[in-house]
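Remarks on the overall topology
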Amino acid sequence: MASEDVETNELSLVNVEGVGPATEKRLKQAGFRSIKDLRVRGPVDVAEATGMEMDDSVEICEKARIILERLGIIEQSFVSATDLYKKTRDKITTGSGSFDDLLGGGVETRAITEVYGEFGTGKTQLCHTLCVMVQQDRVAGGLSGKAIYIDTENTFRPERIASIAQARGLDPRQALEKIIVAKAYNSAHQELIIEETGPVIEENGVRLVIVDSAVAHYRAEFLGRATLSERQQRLNRFMHILVRMSETYEVAVLVTNQIQSSPDAVFGDPVRPTGGNVVAHTSTYRIYLKRSGKNRIARMVDSPYHAEREVLFTLTDRGISDVGETR
Ligand SMILES: Nc1ncnc2c1ncn2[C@@H]1O[C@H](COP(=O)(O)OP(=O)(O)O)[C@@H](O)[C@H]1O
Ligand SMILES: [Mg+2]
C-alpha cells in the first residue's frame, strides 16, 4: 500500500527534528500522515488537532516547510525570477480550444482557479469535463491523473461523466474509476473532507481537485451581518488549505462560486461573486461565465498576467466544447 511508503520515506513525520514516536502517534491519530500534511494544514490546525502547544506546532511546521523546500517540493522562500520563469506549470485542457486559450493552455496546477456565474452557466459542466480530461495523457491535454470531486450542491452526476467520456471516444467505465467523489453535507463536513484530502491525493495520483461549490454551505448557514466575520474566517481558512494543497501536492484546484445580484452596481454587470474578498484574494485565476444565447461566454477577470478578455464556448454531449464543433 502507498500509505506504507509514506511512513518509510523521506516525508515521514519522524524526519522532522523534534518529532519523536509519541508526537508522531498523536499526529497520526489526528490525521497527519506525512510532512506534506503538516504544511497543508498549518500550525493552528496542528495545535488544535493534537492538543500540542502552539509554540511547538509552529516550530514543527517551520521545520516541515524547510524539509519540503530542500526536497524541491515547494518553492524556496527566495528564488530568482529566472528560475520561476523556467518552471513550467502543468495544464489541463477544458475540452474547448477557445477556453484553453483564455487560460493560457488550460487549468493550471499549483494554482486556484475560481469560476463564478449564474445558475446554469456551465460551472458544473466544466467541473465534469475537467475530471475526464485530466485522465488523458499529455498529448491529449491531460496529466494522466485522477480527480477528486468535492460536491457540496449534490450536482455530481456519474451519468454525465460517462456520457462525456463516450462522446469523446473514451471508455466510460475507466473514466468513472478515476474520479473520487466526496459529498459534503455542511460547511463543517466540507472542512473535514479537505483536511483529509492530502493523503487521498498522494495515494491515488490525483492531479485535479474540484470544489463545486466552495461557498454554498457557508452562504446557507451563516445568514445576516452578525455571522459575517465568522463566515469569512472559516471560508478563509478553507481557501488557504486549498492554496497550500495545490502547491504541496502539485494539483490544479478549481472552485466554483455563485453570484449574488448587487442592485447598487450602476455600471457593468450588476453581479458579484459570493464570499467577497476571501475567495477572490486566494484565487490565482478568476473566470466569469455568462450566457450568450445558446452559447456561453467566459471572461478572464483579475489574472496576474492575462489581459481581461472574453471567449465563446458551448455545452454539448462532449461537455465543454468550441462553438461549431460537431457533437
Ligand atoms: N448533454 C448536454 N448537452 C448540452 N448541454 C447540456 C448537457 N448537459 C447539461 N447541459 C447544459 O448545462 C447547463 C447547466 O450547466 P451547469 O454546469 O449545471 O450550471 P451551473 O453553472 O449552475 O453549475 C444547462 O443549460 C444544460 O442545458
Ligand atoms: Mg452547478
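Residues numbered from 1 in each chain as written. Chains lettered and ligands numbered in written order. Predicted model: local features only at pLDDT ≥ 70, side-chain atom pairs only at ≥ 80, totals over all residues.

Describing the sheet that holds strand 7 (residues 252-257)
Strand pairing in a sheet is mediated by backbone hydrogen bonds. Such pairs are either parallel or antiparallel. Rule in force here: Here the rule is simple: two strands pair whenever DSSP picks up at least two bridges between them. Secondary structure elements follow DSSP: runs of H or I of four or more residues count as helices, runs of E of two or more count as strands, with numbering from the N terminus. Simply put, an axis is a line fit to the C-alpha atoms, just over the touching stretch for a helix, and the angle between two N-to-C directions goes from 0 to 180 degrees. Remark: residues whose backbone-derived C-beta atoms lie within 7 Å of one another are considered to be in contact.
With mixed pairing, the nine strands of this open sheet are ordered in space as 5-4-6-7-3-10-11-12-13. The sheet terminates laterally at strand 5 (179-183) and strand 13 (319-321), the two strands that pair on one side only. Each strand axis lies, on average, 25 degrees off the axis of its neighbour in the sheet, ignoring direction. As defined by bridge partners, strand 6 (residues 206-212) adjoins strand 7 across four bridges and the pair is classed as parallel. In the strand pairing of strand 7, Val-211 is matched with Val-255. In the packing of helix 7 (residues 123-133) onto the sheet, the strands contacted are strand 3 (111-117), strand 4 (146-151), strand 5, strand 6, strand 7, strand 10 (285-292), strand 12 (310-316) and strand 13, and the crossing angle to strand 6 comes to about 165 degrees.

Concerning the site of ligand 1
As a reminder, the rule being used: The rule is simple: place the C-beta atom from the backbone, and if it lies within 6 Å of a molecule or strand, the residue is near it. Charged residues are taken to be Asp, Glu, Lys and Arg, nonpolar residues to be Ala, Val, Leu, Ile, Met, Phe, Trp, Tyr, Cys and Pro, and polar residues to be all remaining types, Gly included.
Neighbouring ligand 1 are Gly-117, Phe-119, Gly-120, Thr-121, Gly-122, Lys-123, Thr-124, Gln-125, Leu-315, Thr-316 and Asp-317. Within the residue set of the shell around ligand 1, elements represented by two or more residues are helix 7 and strand 12. Broken down by element, the residue count for the shell around ligand 1 peaks at three residues, all from helix 7. Among the residues forming the shell around ligand 1, the class breakdown is two nonpolar, seven polar and two charged.

Focus on the domain arrangement of the chain
This is how it is decided: As annotated, the domain borders come from an automatic or database domain assignment.
The domains assigned to the chain are domain 1 (2-70) and domain 2 (91-321). Relative to domain 2, the C-alpha centre of domain 1 lies at a distance of 29 Å. Counting residues at the interface gives eleven residues for domain 1 and eleven residues for domain 2. Going through the elements one at a time, helix 1 (2-8) and helix 3 (35-50) are the ones with two or more residues in the side of domain 1 that touches domain 2. The class makeup of the residues in the side of domain 1 that touches domain 2 is four nonpolar, two polar and five charged.

Some details on the nonpolar core
Generally speaking, nonpolar side chains in soluble globular proteins are found buried as a group. Operational definition: A set of buried Ala, Val, Leu, Ile, Met, Phe, Trp, Tyr and Cys residues, joined to one another through C-beta atoms within 7 Å, is what we call a nonpolar core. Exposure classification rests on a simple neighbour count of other C-beta atoms within 10 Å of a residue's own: a residue reaching 20 or more is buried, one at 12 or fewer is exposed, and one in between is partly exposed. C-beta atoms are placed from the backbone.
Leu-130, Cys-131, Leu-208 and Ile-210 are the most contacted members of the largest nonpolar core, which totals 61 residues. Setting aside anything within four residues of it in sequence, one finds Cys-131 in contact with Ala-147, Tyr-149, Ile-161, Ile-179, Leu-208 and Ile-210. If you look at the next biggest cluster of nonpolar residues, it comprises 14 residues, including Leu-11, Leu-13, Leu-27 and Ile-35.

Brief notes about the packing of helix 10 (residues 187-195) against helix 13 (residues 228-248)
To keep it simple, the criterion reads: Orientation is classified from the angle alone, with under 35 degrees giving roughly parallel, over 145 giving roughly antiparallel, 65 to 115 giving roughly perpendicular, and any other angle giving oblique. Two helices cross in a left-handed way if the nearer one is turned anticlockwise from the farther one by less than a right angle. They cross in a right-handed way if the turn is clockwise.
Here helix 10 crosses helix 13 at 20 degrees, and the two axes come no closer than 10 Å. As judged from the angle between their axes, helix 10 and helix 13 are roughly parallel. Remark: the crossing between helix 10 and helix 13 carries left-handed chirality. Here Ser-187, Glu-191 and Ile-194 of helix 10 come into contact with helix 13, specifically with Arg-234, Phe-238, Ile-241 and Leu-242. Here the contact of helix 10 with helix 13 is built from residues that sort into four nonpolar, one polar and two charged.

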